[in-house]
Amino acid sequence: MLTLVPGNATLNDLETIYRDGASVRLDAGARAGVEAAAQLVAQAAAGKVAVYGVNTGFGKLANRKIAPEDTATLQRNLILSHCCGVGVPLETPLVRMMMALKLLSLGRGASGARWEIIQQLENLLAKGVTPVIPAQGSVGASGDLAPLAHMAATMIGEGEAIWQGQRMPSAKALKNAGLTPVILGPKEGLALINGTQFSTACALGGLFEAWRNAQTSLITASMSTDAIMGSTAPLVAEIHALRGHVGQIEVASQMRALMAGSQIRDSHRDDDTRVQDPYCIRCQPQVVGACVDILRMAARTLEIEANAVTDNPLVLVDSGRIVSGGNFHAEPVGFAADQIALAVAEIGAIAQRRVALMVDPTLSHDLPPFLTPDPGLNSGFMIAEVTAAALMSENKHLANPCSTDSTPTSANQEDHVSMAAHGAYRLARMNRNLNAILGVELLTACQGVEFRAPLKTSAHLRGVLAHLRKDIPTLKQDRYMAPDMEQATGFVASGQALSSADLIFPISNTGAPS
(Lines give C-alpha, C1' and ligand atoms only; values in the text may rest on other atoms or scores of the structure.)
Protein backbone atom coordinates (compact mmCIF):
# COMPACT_ATOMS: atom_id res chain seq x y z
CA MET A 1 0.00 0.00 0.00
CA LEU A 2 1.44 3.35 -1.07
CA THR A 3 0.54 6.46 0.89
CA LEU A 4 0.81 9.47 -1.41
CA VAL A 5 0.88 13.15 -0.59
CA PRO A 6 -1.07 15.02 -3.29
CA GLY A 7 1.30 17.21 -5.24
CA ASN A 8 4.37 15.15 -4.31
CA ALA A 9 4.04 11.81 -6.11
CA THR A 10 7.26 10.76 -7.85
CA LEU A 11 7.97 8.77 -10.99
CA ASN A 12 9.14 5.92 -8.76
CA ASP A 13 5.76 5.94 -6.98
CA LEU A 14 3.93 5.91 -10.28
CA GLU A 15 6.02 3.11 -11.75
CA THR A 16 5.39 1.03 -8.62
CA ILE A 17 1.65 1.45 -9.18
CA TYR A 18 2.04 0.53 -12.84
CA ARG A 19 4.36 -2.46 -12.55
CA ASP A 20 3.46 -3.88 -9.14
CA GLY A 21 -0.25 -3.05 -8.98
CA ALA A 22 0.24 -1.28 -5.66
CA SER A 23 -2.86 0.03 -3.92
CA VAL A 24 -2.90 3.72 -3.06
CA ARG A 25 -4.27 5.87 -0.30
CA LEU A 26 -3.86 9.57 0.26
CA ASP A 27 -2.04 11.01 3.22
CA ALA A 28 -4.59 11.97 5.88
CA GLY A 29 -3.22 15.50 5.87
CA ALA A 30 -5.03 16.12 2.59
CA ARG A 31 -8.47 15.67 4.15
CA ALA A 32 -8.93 19.15 5.62
CA GLY A 33 -8.37 20.88 2.27
CA VAL A 34 -10.64 18.43 0.46
CA GLU A 35 -13.49 18.98 2.92
CA ALA A 36 -13.08 22.76 2.85
CA ALA A 37 -13.49 22.77 -0.93
CA ALA A 38 -16.48 20.44 -0.71
CA GLN A 39 -18.13 22.82 1.74
CA LEU A 40 -17.74 25.72 -0.68
CA VAL A 41 -19.37 23.65 -3.42
CA ALA A 42 -22.25 22.68 -1.15
CA GLN A 43 -22.89 26.35 -0.38
CA ALA A 44 -22.83 27.24 -4.08
CA ALA A 45 -25.25 24.43 -4.91
CA ALA A 46 -27.75 25.80 -2.40
CA GLY A 47 -27.38 29.39 -3.62
CA LYS A 48 -29.04 31.32 -6.40
CA VAL A 49 -25.94 32.35 -8.34
CA ALA A 50 -25.22 30.12 -11.35
CA VAL A 51 -21.94 28.23 -10.93
CA TYR A 52 -20.86 26.08 -13.85
CA GLY A 53 -21.13 22.36 -13.21
CA VAL A 54 -22.55 22.87 -9.73
CA ASN A 55 -26.05 24.12 -10.49
CA THR A 56 -25.93 24.42 -14.29
CA GLY A 57 -25.85 22.12 -17.28
CA PHE A 58 -22.59 21.22 -18.99
CA GLY A 59 -20.68 22.35 -22.06
CA LYS A 60 -23.02 24.10 -24.49
CA LEU A 61 -25.83 23.65 -21.93
CA ALA A 62 -24.05 25.69 -19.27
CA ASN A 63 -26.74 28.40 -19.48
CA ARG A 64 -29.38 26.00 -18.11
CA LYS A 65 -29.92 26.51 -14.35
CA ILE A 66 -30.52 23.40 -12.24
CA ALA A 67 -32.68 23.40 -9.10
CA PRO A 68 -30.95 22.43 -5.82
CA GLU A 69 -33.09 19.31 -5.45
CA ASP A 70 -31.91 18.07 -8.86
CA THR A 71 -28.16 18.38 -8.35
CA ALA A 72 -27.68 14.69 -7.45
CA THR A 73 -29.62 13.63 -10.53
CA LEU A 74 -27.59 16.07 -12.60
CA GLN A 75 -24.32 14.44 -11.56
CA ARG A 76 -25.60 10.90 -12.06
CA ASN A 77 -26.96 11.76 -15.50
CA LEU A 78 -23.63 13.31 -16.39
CA ILE A 79 -21.81 10.05 -15.70
CA LEU A 80 -24.30 7.83 -17.49
CA SER A 81 -24.58 10.04 -20.57
CA HIS A 82 -20.82 10.31 -20.94
CA CYS A 83 -20.20 6.53 -20.87
CA CYS A 84 -19.73 6.47 -24.64
CA GLY A 85 -16.32 4.82 -24.95
CA VAL A 86 -15.71 2.16 -27.57
CA GLY A 87 -13.00 -0.37 -28.36
CA VAL A 88 -11.08 -2.92 -26.32
CA PRO A 89 -10.85 -2.45 -22.56
CA LEU A 90 -7.85 -0.58 -21.24
CA GLU A 91 -5.28 -2.86 -19.59
CA THR A 92 -5.64 -3.24 -15.82
CA PRO A 93 -2.27 -1.62 -14.89
CA LEU A 94 -3.26 1.50 -16.81
CA VAL A 95 -6.76 1.59 -15.28
CA ARG A 96 -5.27 1.39 -11.80
CA MET A 97 -2.78 4.12 -12.69
CA MET A 98 -5.65 6.27 -13.95
CA MET A 99 -7.54 5.79 -10.68
CA ALA A 100 -4.46 6.66 -8.63
CA LEU A 101 -3.94 9.82 -10.69
CA LYS A 102 -7.53 10.86 -10.09
CA LEU A 103 -6.96 10.38 -6.36
CA LEU A 104 -3.93 12.65 -6.50
CA SER A 105 -5.89 15.32 -8.36
CA LEU A 106 -8.90 15.23 -6.04
CA GLY A 107 -6.59 15.22 -3.03
CA ARG A 108 -5.24 18.66 -3.86
CA GLY A 109 -8.45 20.15 -2.43
CA ALA A 110 -9.45 22.19 -5.45
CA SER A 111 -12.09 19.94 -7.01
CA GLY A 112 -14.86 20.12 -4.44
CA ALA A 113 -15.41 16.37 -4.09
CA ARG A 114 -16.08 15.01 -0.60
CA TRP A 115 -13.63 12.72 1.19
CA GLU A 116 -16.12 9.87 0.67
CA ILE A 117 -15.40 10.00 -3.07
CA ILE A 118 -11.69 9.63 -2.40
CA GLN A 119 -12.37 6.72 -0.08
CA GLN A 120 -14.42 4.97 -2.74
CA LEU A 121 -11.52 5.14 -5.20
CA GLU A 122 -9.09 3.95 -2.51
CA ASN A 123 -11.38 1.03 -1.71
CA LEU A 124 -11.74 0.02 -5.35
CA LEU A 125 -7.97 -0.13 -5.64
CA ALA A 126 -7.54 -1.99 -2.35
CA LYS A 127 -10.28 -4.54 -3.11
CA GLY A 128 -9.20 -5.12 -6.71
CA VAL A 129 -12.36 -3.81 -8.37
CA THR A 130 -11.22 -2.56 -11.78
CA PRO A 131 -13.64 -0.59 -13.95
CA VAL A 132 -13.96 -1.76 -17.56
CA ILE A 133 -12.86 1.29 -19.54
CA PRO A 134 -13.08 1.24 -23.35
CA ALA A 135 -9.85 2.61 -24.76
CA GLN A 136 -11.29 4.91 -27.41
CA GLY A 137 -13.47 7.98 -27.24
CA SER A 138 -11.43 10.84 -25.78
CA VAL A 139 -10.05 13.79 -27.73
CA GLY A 140 -8.08 15.05 -24.72
CA ALA A 141 -10.29 18.07 -23.89
CA SER A 142 -12.58 18.78 -22.05
CA GLY A 143 -10.59 16.18 -20.20
CA ASP A 144 -10.81 12.45 -20.91
CA LEU A 145 -14.57 12.54 -20.54
CA ALA A 146 -15.69 9.14 -21.83
CA PRO A 147 -12.94 6.99 -20.22
CA LEU A 148 -13.27 8.74 -16.87
CA ALA A 149 -17.06 8.41 -17.03
CA HIS A 150 -16.66 4.63 -17.29
CA MET A 151 -14.42 4.75 -14.21
CA ALA A 152 -16.94 6.86 -12.31
CA ALA A 153 -19.78 4.57 -13.39
CA THR A 154 -18.30 1.71 -11.42
CA MET A 155 -18.09 3.94 -8.35
CA ILE A 156 -21.87 4.49 -8.49
CA GLY A 157 -22.69 0.85 -9.28
CA GLU A 158 -23.18 1.25 -13.03
CA GLY A 159 -21.28 -0.13 -15.99
CA GLU A 160 -18.96 -3.11 -15.73
CA ALA A 161 -15.92 -4.04 -13.68
CA ILE A 162 -13.35 -6.82 -13.29
CA TRP A 163 -13.22 -8.55 -9.93
CA GLN A 164 -11.00 -11.58 -9.26
CA GLY A 165 -10.45 -11.99 -12.97
CA GLN A 166 -14.14 -12.02 -13.90
CA ARG A 167 -16.00 -9.36 -15.85
CA MET A 168 -19.37 -8.53 -14.33
CA PRO A 169 -21.81 -5.67 -13.69
CA SER A 170 -20.21 -3.07 -11.43
CA ALA A 171 -22.99 -3.40 -8.87
CA LYS A 172 -22.18 -7.10 -8.47
CA ALA A 173 -18.43 -6.43 -8.28
CA LEU A 174 -18.96 -3.85 -5.54
CA LYS A 175 -21.19 -6.23 -3.59
CA ASN A 176 -18.69 -9.09 -3.92
CA ALA A 177 -15.93 -6.80 -2.63
CA GLY A 178 -18.02 -5.62 0.31
CA LEU A 179 -18.49 -2.12 -1.08
CA THR A 180 -21.55 -0.02 -1.79
CA PRO A 181 -22.17 2.50 -4.59
CA VAL A 182 -21.66 6.16 -3.75
CA ILE A 183 -24.27 8.85 -4.38
CA LEU A 184 -22.66 11.80 -6.06
CA GLY A 185 -23.07 15.25 -4.57
CA PRO A 186 -22.80 18.64 -6.30
CA LYS A 187 -19.98 18.85 -8.86
CA GLU A 188 -18.62 15.43 -7.95
CA GLY A 189 -19.50 13.80 -11.25
CA LEU A 190 -17.83 16.65 -13.09
CA ALA A 191 -14.78 16.44 -10.83
CA LEU A 192 -14.43 12.76 -11.67
CA ILE A 193 -14.70 12.97 -15.46
CA ASN A 194 -13.06 16.33 -16.12
CA GLY A 195 -9.31 15.70 -16.16
CA THR A 196 -6.38 14.23 -18.08
CA GLN A 197 -5.94 11.04 -16.07
CA PHE A 198 -6.60 8.59 -18.94
CA SER A 199 -4.13 10.34 -21.25
CA THR A 200 -1.57 10.76 -18.49
CA ALA A 201 -1.82 7.13 -17.35
CA CYS A 202 -1.32 5.86 -20.91
CA ALA A 203 1.58 8.27 -21.45
CA LEU A 204 3.24 7.19 -18.20
CA GLY A 205 2.88 3.54 -19.13
CA GLY A 206 4.41 4.35 -22.51
CA LEU A 207 7.23 6.24 -20.82
CA PHE A 208 8.11 3.40 -18.46
CA GLU A 209 8.16 0.85 -21.27
CA ALA A 210 10.13 3.18 -23.55
CA TRP A 211 12.71 3.72 -20.84
CA ARG A 212 13.15 -0.03 -20.37
CA ASN A 213 13.53 -0.41 -24.13
CA ALA A 214 16.05 2.43 -24.32
CA GLN A 215 18.19 0.76 -21.67
CA THR A 216 17.87 -2.63 -23.35
CA SER A 217 18.98 -1.14 -26.67
CA LEU A 218 22.35 -0.34 -25.09
CA ILE A 219 22.80 -4.05 -24.42
CA THR A 220 21.72 -5.14 -27.89
CA ALA A 221 23.82 -2.43 -29.54
CA SER A 222 26.89 -3.45 -27.55
CA MET A 223 26.35 -7.10 -28.43
CA SER A 224 25.87 -6.20 -32.11
CA THR A 225 29.08 -4.15 -32.08
CA ASP A 226 31.01 -7.17 -30.87
CA ALA A 227 29.21 -9.47 -33.32
CA ILE A 228 30.42 -7.45 -36.34
CA MET A 229 33.78 -6.79 -34.66
CA GLY A 230 33.02 -3.09 -34.53
CA SER A 231 35.16 -0.41 -33.00
CA THR A 232 34.67 1.07 -29.55
CA ALA A 233 36.66 4.19 -30.47
CA PRO A 234 33.41 6.13 -31.08
CA LEU A 235 32.57 5.54 -27.40
CA VAL A 236 35.60 7.47 -26.12
CA ALA A 237 34.44 9.84 -23.40
CA GLU A 238 36.18 12.94 -24.81
CA ILE A 239 34.12 12.81 -28.02
CA HIS A 240 30.86 13.04 -26.12
CA ALA A 241 32.07 15.58 -23.59
CA LEU A 242 32.90 17.90 -26.49
CA ARG A 243 29.29 17.84 -27.61
CA GLY A 244 27.86 18.08 -24.12
CA HIS A 245 24.46 16.36 -24.35
CA VAL A 246 23.85 14.45 -21.13
CA GLY A 247 22.02 11.51 -22.70
CA GLN A 248 24.76 11.00 -25.28
CA ILE A 249 27.46 11.14 -22.60
CA GLU A 250 25.60 8.64 -20.46
CA VAL A 251 24.84 6.18 -23.27
CA ALA A 252 28.51 6.13 -24.32
CA SER A 253 29.53 5.58 -20.70
CA GLN A 254 27.12 2.68 -20.25
CA MET A 255 28.25 1.05 -23.50
CA ARG A 256 31.91 1.35 -22.52
CA ALA A 257 31.09 -0.42 -19.27
CA LEU A 258 29.08 -3.11 -21.02
CA MET A 259 31.87 -3.92 -23.48
CA ALA A 260 34.81 -3.66 -21.09
CA GLY A 261 37.03 -6.74 -21.20
CA SER A 262 35.72 -8.15 -24.48
CA GLN A 263 38.25 -10.47 -26.10
CA ILE A 264 36.48 -9.95 -29.40
CA ARG A 265 37.12 -6.22 -29.24
CA ASP A 266 40.74 -6.63 -28.19
CA SER A 267 41.41 -9.04 -31.07
CA HIS A 268 41.06 -6.38 -33.78
CA ARG A 269 42.36 -3.21 -32.18
CA ASP A 270 45.43 -3.37 -34.45
CA ASP A 271 45.72 -4.01 -38.19
CA ASP A 272 41.99 -3.71 -38.88
CA THR A 273 41.63 -2.52 -42.48
CA ARG A 274 38.24 -0.95 -41.79
CA VAL A 275 38.45 2.75 -40.97
CA GLN A 276 34.89 3.45 -39.77
CA ASP A 277 31.80 1.44 -38.92
CA PRO A 278 28.36 2.28 -40.34
CA TYR A 279 26.33 4.86 -38.46
CA CYS A 280 24.09 2.27 -36.78
CA ILE A 281 27.16 1.13 -34.83
CA ARG A 282 29.09 4.38 -34.62
CA CYS A 283 26.24 6.75 -33.74
CA GLN A 284 24.31 4.79 -31.10
CA PRO A 285 25.28 7.30 -28.35
CA GLN A 286 24.18 10.25 -30.47
CA VAL A 287 20.86 8.68 -31.52
CA VAL A 288 19.77 6.87 -28.37
CA GLY A 289 21.34 9.57 -26.21
CA ALA A 290 19.00 12.07 -27.86
CA CYS A 291 16.13 9.65 -27.19
CA VAL A 292 17.15 9.44 -23.54
CA ASP A 293 17.12 13.23 -23.30
CA ILE A 294 13.64 13.65 -24.76
CA LEU A 295 12.29 10.79 -22.66
CA ARG A 296 13.53 12.64 -19.59
CA MET A 297 11.87 15.83 -20.82
CA ALA A 298 8.62 13.93 -21.25
CA ALA A 299 9.05 12.35 -17.83
CA ARG A 300 9.29 15.74 -16.16
CA THR A 301 6.13 16.95 -17.90
CA LEU A 302 4.23 13.81 -16.92
CA GLU A 303 5.39 13.94 -13.31
CA ILE A 304 4.03 17.47 -13.06
CA GLU A 305 0.77 16.44 -14.74
CA ALA A 306 0.38 13.44 -12.44
CA ASN A 307 0.29 15.81 -9.48
CA ALA A 308 -1.88 18.43 -11.15
CA VAL A 309 -5.49 19.47 -10.69
CA THR A 310 -7.03 19.20 -14.14
CA ASP A 311 -10.81 19.40 -13.73
CA ASN A 312 -13.11 22.39 -14.11
CA PRO A 313 -14.27 24.59 -12.49
CA LEU A 314 -11.70 24.77 -9.72
CA VAL A 315 -12.44 25.58 -6.11
CA LEU A 316 -10.07 28.25 -4.79
CA VAL A 317 -10.54 27.79 -1.06
CA ASP A 318 -8.31 30.64 0.09
CA SER A 319 -10.32 33.23 -1.82
CA GLY A 320 -13.66 31.44 -1.50
CA ARG A 321 -14.22 31.35 -5.28
CA ILE A 322 -15.21 28.70 -7.81
CA VAL A 323 -13.60 29.63 -11.13
CA SER A 324 -13.85 28.17 -14.62
CA GLY A 325 -10.58 27.60 -16.47
CA GLY A 326 -9.01 25.14 -18.89
CA ASN A 327 -6.69 22.83 -16.96
CA PHE A 328 -8.49 19.87 -18.53
CA HIS A 329 -6.80 20.60 -21.88
CA ALA A 330 -4.18 17.86 -22.24
CA GLU A 331 -1.78 19.67 -24.59
CA PRO A 332 1.25 19.09 -22.33
CA VAL A 333 0.45 15.37 -22.23
CA GLY A 334 -0.05 15.30 -25.99
CA PHE A 335 3.36 16.88 -26.56
CA ALA A 336 4.99 14.44 -24.11
CA ALA A 337 3.33 11.47 -25.85
CA ASP A 338 4.60 12.67 -29.22
CA GLN A 339 8.12 12.99 -27.80
CA ILE A 340 7.98 9.45 -26.42
CA ALA A 341 6.71 8.16 -29.77
CA LEU A 342 9.64 9.79 -31.59
CA ALA A 343 12.11 8.17 -29.19
CA VAL A 344 10.52 4.73 -29.52
CA ALA A 345 10.54 4.95 -33.31
CA GLU A 346 14.18 6.04 -33.49
CA ILE A 347 15.46 3.41 -31.05
CA GLY A 348 13.81 0.79 -33.26
CA ALA A 349 15.03 2.37 -36.50
CA ILE A 350 18.71 2.24 -35.58
CA ALA A 351 18.36 -1.23 -34.00
CA GLN A 352 16.82 -2.61 -37.19
CA ARG A 353 19.76 -1.31 -39.22
CA ARG A 354 22.11 -3.27 -36.98
CA VAL A 355 20.09 -6.43 -37.59
CA ALA A 356 20.33 -5.79 -41.34
CA LEU A 357 24.08 -5.27 -40.97
CA MET A 358 24.61 -8.59 -39.18
CA VAL A 359 22.70 -10.75 -41.69
CA ASP A 360 24.48 -9.18 -44.70
CA PRO A 361 27.82 -10.95 -45.35
CA THR A 362 29.14 -7.96 -47.29
CA LEU A 363 28.92 -5.78 -44.18
CA SER A 364 29.18 -8.13 -41.19
CA HIS A 365 32.96 -8.73 -41.30
CA ASP A 366 32.95 -12.42 -42.25
CA LEU A 367 29.79 -13.58 -40.51
CA PRO A 368 27.93 -16.17 -42.62
CA PRO A 369 24.90 -15.04 -44.66
CA PHE A 370 21.83 -14.63 -42.45
CA LEU A 371 23.88 -15.98 -39.53
CA THR A 372 23.34 -19.63 -40.37
CA PRO A 373 26.28 -22.08 -40.48
CA ASP A 374 24.88 -23.74 -43.60
CA PRO A 375 23.42 -20.99 -45.82
CA GLY A 376 21.39 -22.02 -48.84
CA LEU A 377 19.96 -25.15 -47.29
CA ASN A 378 19.04 -22.93 -44.34
CA SER A 379 17.64 -19.39 -44.35
CA GLY A 380 18.68 -18.55 -40.79
CA PHE A 381 17.51 -15.13 -39.65
CA MET A 382 16.44 -13.95 -43.11
CA ILE A 383 12.77 -13.41 -42.27
CA ALA A 384 13.38 -12.40 -38.65
CA GLU A 385 15.14 -9.37 -40.14
CA VAL A 386 12.17 -8.74 -42.42
CA THR A 387 9.82 -8.81 -39.42
CA ALA A 388 12.02 -6.29 -37.63
CA ALA A 389 11.89 -4.08 -40.73
CA ALA A 390 8.10 -4.32 -40.85
CA LEU A 391 7.75 -3.34 -37.20
CA MET A 392 10.24 -0.50 -37.61
CA SER A 393 8.23 0.89 -40.51
CA GLU A 394 4.97 0.55 -38.58
CA ASN A 395 6.44 2.50 -35.68
CA LYS A 396 7.65 5.26 -37.99
CA HIS A 397 4.08 5.64 -39.22
CA LEU A 398 2.68 5.61 -35.69
CA ALA A 399 5.21 8.25 -34.59
CA ASN A 400 3.56 10.95 -36.68
CA PRO A 401 2.43 13.65 -34.21
CA CYS A 402 -1.07 13.53 -32.79
CA SER A 403 -0.91 16.87 -30.97
CA THR A 404 -0.95 18.83 -34.24
CA ASP A 405 -4.42 17.48 -34.95
CA SER A 406 -7.61 19.03 -33.60
CA THR A 407 -11.30 18.97 -34.32
CA PRO A 408 -14.14 21.00 -32.77
CA THR A 409 -16.61 19.12 -30.57
CA SER A 410 -19.64 19.81 -28.38
CA ALA A 411 -21.35 22.23 -30.77
CA ASN A 412 -18.10 24.19 -31.18
CA GLN A 413 -17.87 25.00 -27.47
CA GLU A 414 -14.82 22.75 -27.26
CA ASP A 415 -13.26 24.01 -30.48
CA HIS A 416 -9.61 23.04 -29.95
CA VAL A 417 -8.57 19.71 -28.47
CA SER A 418 -5.25 18.00 -27.74
CA MET A 419 -5.74 14.47 -29.10
CA ALA A 420 -3.52 13.39 -26.20
CA ALA A 421 -5.60 10.29 -25.49
CA HIS A 422 -4.84 8.33 -28.62
CA GLY A 423 -1.42 9.97 -28.82
CA ALA A 424 -0.66 8.30 -25.49
CA TYR A 425 -2.60 5.09 -26.11
CA ARG A 426 -0.61 4.23 -29.28
CA LEU A 427 2.58 4.09 -27.18
CA ALA A 428 1.73 0.62 -25.86
CA ARG A 429 1.55 -0.74 -29.41
CA MET A 430 4.76 1.03 -30.38
CA ASN A 431 6.62 -0.35 -27.36
CA ARG A 432 5.41 -3.88 -28.10
CA ASN A 433 6.78 -3.47 -31.61
CA LEU A 434 10.07 -2.22 -30.19
CA ASN A 435 10.24 -5.17 -27.78
CA ALA A 436 10.15 -7.45 -30.82
CA ILE A 437 12.71 -5.43 -32.82
CA LEU A 438 15.15 -5.54 -29.90
CA GLY A 439 14.36 -9.22 -29.41
CA VAL A 440 15.40 -9.90 -33.01
CA GLU A 441 18.55 -7.85 -32.54
CA LEU A 442 19.38 -9.82 -29.42
CA LEU A 443 18.92 -13.14 -31.24
CA THR A 444 21.09 -12.11 -34.16
CA ALA A 445 23.76 -10.44 -32.03
CA CYS A 446 24.08 -13.44 -29.75
CA GLN A 447 24.36 -15.72 -32.78
CA GLY A 448 27.00 -13.42 -34.26
CA VAL A 449 29.04 -13.31 -31.06
CA GLU A 450 29.00 -17.11 -30.89
CA PHE A 451 30.50 -17.27 -34.39
CA ARG A 452 33.52 -15.39 -33.00
CA ALA A 453 34.47 -18.28 -30.69
CA PRO A 454 36.88 -19.07 -29.16
CA LEU A 455 37.02 -15.33 -28.58
CA LYS A 456 34.61 -14.20 -25.88
CA THR A 457 32.57 -11.06 -25.42
CA SER A 458 32.57 -9.09 -22.16
CA ALA A 459 31.44 -10.50 -18.84
CA HIS A 460 28.29 -8.32 -18.85
CA LEU A 461 27.29 -9.48 -22.30
CA ARG A 462 28.16 -13.12 -21.57
CA GLY A 463 25.65 -12.92 -18.75
CA VAL A 464 22.94 -11.84 -21.19
CA LEU A 465 23.91 -14.56 -23.65
CA ALA A 466 23.88 -17.28 -20.98
CA HIS A 467 20.48 -16.17 -19.71
CA LEU A 468 19.00 -16.12 -23.20
CA ARG A 469 20.39 -19.54 -24.06
CA LYS A 470 18.55 -21.13 -21.15
CA ASP A 471 15.39 -20.80 -23.23
CA ILE A 472 16.52 -20.23 -26.82
CA PRO A 473 19.28 -22.49 -28.19
CA THR A 474 21.76 -21.42 -30.86
CA LEU A 475 20.25 -21.64 -34.35
CA LYS A 476 22.24 -24.40 -36.07
CA GLN A 477 19.57 -25.51 -38.51
CA ASP A 478 16.29 -23.93 -39.56
CA ARG A 479 13.48 -24.61 -37.13
CA TYR A 480 10.01 -23.26 -36.34
CA MET A 481 10.99 -19.69 -35.40
CA ALA A 482 7.80 -18.30 -33.84
CA PRO A 483 8.57 -19.53 -30.28
CA ASP A 484 12.08 -18.06 -30.46
CA MET A 485 10.66 -14.71 -31.56
CA GLU A 486 8.05 -14.74 -28.79
CA GLN A 487 10.55 -15.68 -26.09
CA ALA A 488 13.09 -13.09 -27.20
CA THR A 489 10.40 -10.41 -27.24
CA GLY A 490 9.38 -11.42 -23.72
CA PHE A 491 13.01 -11.42 -22.60
CA VAL A 492 13.19 -7.75 -23.57
CA ALA A 493 9.72 -6.72 -22.37
CA SER A 494 10.07 -8.33 -18.94
CA GLY A 495 13.36 -6.62 -18.16
CA GLN A 496 15.30 -9.90 -18.03
CA ALA A 497 17.86 -8.57 -20.48
CA LEU A 498 18.55 -5.66 -18.15
CA SER A 499 18.82 -7.76 -15.01
CA SER A 500 21.11 -10.31 -16.68
CA ALA A 501 23.47 -7.52 -17.78
CA ASP A 502 23.25 -5.76 -14.42
CA LEU A 503 22.35 -2.50 -16.21
CA ILE A 504 20.04 0.10 -14.70
CA PHE A 505 20.24 3.86 -14.87
CA PRO A 506 17.48 6.07 -13.55
CA ILE A 507 15.01 8.00 -15.64
CA SER A 508 15.18 10.90 -13.18
CA ASN A 509 18.91 11.47 -13.70
CA THR A 510 19.55 14.92 -15.14
CA GLY A 511 23.29 15.22 -14.75
CA ALA A 512 26.25 13.76 -16.57
CA PRO A 513 27.53 10.45 -15.19
CA SER A 514 30.61 10.56 -13.03
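Being a predicted model, the structure only gives us computed values, none of them experimental.

Chemist: Looking at this structure, I do not really get unusual backbone geometry. What am I missing?
Modeler: Only a minority of non-glycine residues have a phi that is not negative, and only a minority of peptide bonds are not trans. Look at the link from alanine 141 to serine 142: it is a cis peptide, with omega at 5°. For serine 142, the location among the structural elements is in the loop between β5 (134-136) and α6 (145-155). Of note, the bond from alanine 453 into proline 454 is cis; its omega dihedral lies within 30 degrees of zero at 10°. In this fold, proline 454 is placed in the loop between α17 (420-450) and α18 (459-469). Despite not being glycine, lysine 187 has its phi angle at roughly 70°, a positive value. When you line up the elements, lysine 187 lands in the loop between α7 (170-176) and α8 (188-193). Taking the relative accessible area as the measure of exposure, lysine 187 reaches 0% and is therefore buried. Phi angles above zero are rare outside glycine, and phenylalanine 370 is one such case at about 55°. Relative to the elements of secondary structure, phenylalanine 370 occurs in the loop between α15 (331-359) and α16 (382-398).

Chemist: Explain the sheet that holds strand β4 (residues 129-131) to me, please; I cannot follow it from the model alone.
Modeler: Hydrogen bonds between backbone atoms are what pair the strands of a sheet, whose relative direction is either parallel or antiparallel. One open sheet accounts for three strands, arranged β4-β6-β7; its pairing is antiparallel. A strand with exactly one partner marks an edge of an open sheet, and here the two such strands are β4 and β7 (166-169). Taking each pair of neighbouring strands and ignoring which way they run, the sheet shows an average axis angle of 35°. In this sheet, β7 lies alongside strand β6 (residues 160-163) in antiparallel orientation, the contact comprising four bridges. Residue pairing for β7: isoleucine 162 is matched across the bridge by arginine 167. Here α6 sits on the sheet in contact with β4 and β6, set at roughly 140° to β4.

Chemist: In this structure, what is going on with the pairing of β6? I would like to understand it.
Modeler: Residues in a regular strand project their side chains so that they alternate between the two faces of the sheet. Judged by which residues are buried, β6 turns out to be one-sided: Ala161 and Trp163 face inward and are buried, whereas Glu160 and Ile162, on the alternate face, are not. Here β4 pairs with β6 via three bridges, running antiparallel. Of the residues in β6, the one forming a bridge with proline 131 is alanine 161. Turn length for the β6-β7 hairpin, with the two strands adjacent in sequence and antiparallel, is two residues, and the turn residue glutamine 164 shows positive phi of about 50°.

Chemist: What should I look at first to understand the state of the cysteines in this one?
Modeler: Here, disulfide denotes a covalent bond that connects the sulfur atoms of two cysteines. The full count for this structure, using the stated rule, is zero disulfides. Cysteine 280 takes part in no disulfide bond, and the closest cysteine sulfur, belonging to cysteine 283, lies 9.0 Å away. Residue classification places cysteine 283 among the partly exposed positions, given a relative accessible area of 21%.

Chemist: How should I be thinking about the pattern of salt bridges in this particular structure?
Modeler: Side-chain pairs of opposite charge can arise whenever the charged atoms involved come near each other. For the structure on display, the rule yields 14 salt bridges. As a salt-bridge pair, glutamate 188 and arginine 114 come within 2.6 Å of each other at their nearest N and O atoms. Of the two residues, glutamate 188 sits in helix α8 while arginine 114 sits in the loop between α4 (92-106) and α5 (115-127), which places them 74 residues apart along the sequence. Residue arginine 114 is classed as partly exposed on the basis of its relative accessible area, which comes to 30%. One salt-bridge network, held together by shared partners, links Glu15, Arg19 and Glu209.

Chemist: Where do I start with the side chain of asparagine 55 in this structure?
Modeler: Along the chain, asparagine 55 turns up in the loop between α2 (31-46) and α3 (71-82). Polar side-chain contacts of asparagine 55 include one of 3.0 Å to the backbone oxygen of valine 49. Filtering out sequence-adjacent residues up to four positions away, asparagine 55 remains in contact with Ala44, Ala45, Gly47, Val49, Ala50, Arg64, Lys65 and Ile66.

Chemist: Can you help me understand the packing of helix α14 (residues 284-306) against α15 in this one?
Modeler: Each pair of packed helices can be summarised by the angle the axes make with each other and by the distance between the axes. The N-to-C vectors of α14 and α15 enclose an angle of 155°; their axes lie 9 Å apart at closest approach. Relative to α15, α14 is oriented roughly antiparallel. Considering how the two elements wind past one another, α14 and α15 form a crossing that is left-handed. Contacts between α14 and α15 involve Gln284, Val287, Val288, Cys291, Ile294, Leu295, Met297, Ala298, Thr301, Leu302 and Glu305 on the former and, on the latter, Pro332, Val333, Ala336, Gln339, Ile340, Leu342, Ala343, Glu346, Ile347, Ile350 and Arg354. Tallied by class, the residues present in the contact of α14 with α15 amount to 16 nonpolar, three polar and three charged.

Conventions we followed
Residues numbered from 1 in each chain as written. Predicted model: local features only at pLDDT ≥ 70, side-chain atom pairs only at ≥ 80, totals over all residues. Heavy atoms only, no water. Helix = DSSP H or I, 4+ residues; strand = E, 2+ residues; numbered from the N terminus. Buried < 20%, exposed > 50% of the residue type's maximum accessible area, 1.4 Å probe, protein only. Pairing = 2+ DSSP bridges. Axes fitted to C-alpha atoms, helices over the stretch in contact; angles between N-to-C directions. Contact = heavy atoms within 4.5 Å. Disulfide = S-S within 2.5 Å. Salt bridge = Lys/Arg side-chain N within 4 Å of Asp/Glu carboxyl O. Polar contact = N/O pair within 3.5 Å; in protein donor to acceptor, adjacent residues only side chain to side chain. Parallel < 35°, antiparallel > 145°, perpendicular 65-115°, else oblique. Left-handed = near helix turned anticlockwise from the far one by under 90°. Nonpolar A, V, L, I, M, F, W, Y, C, P; charged D, E, K, R; others polar.

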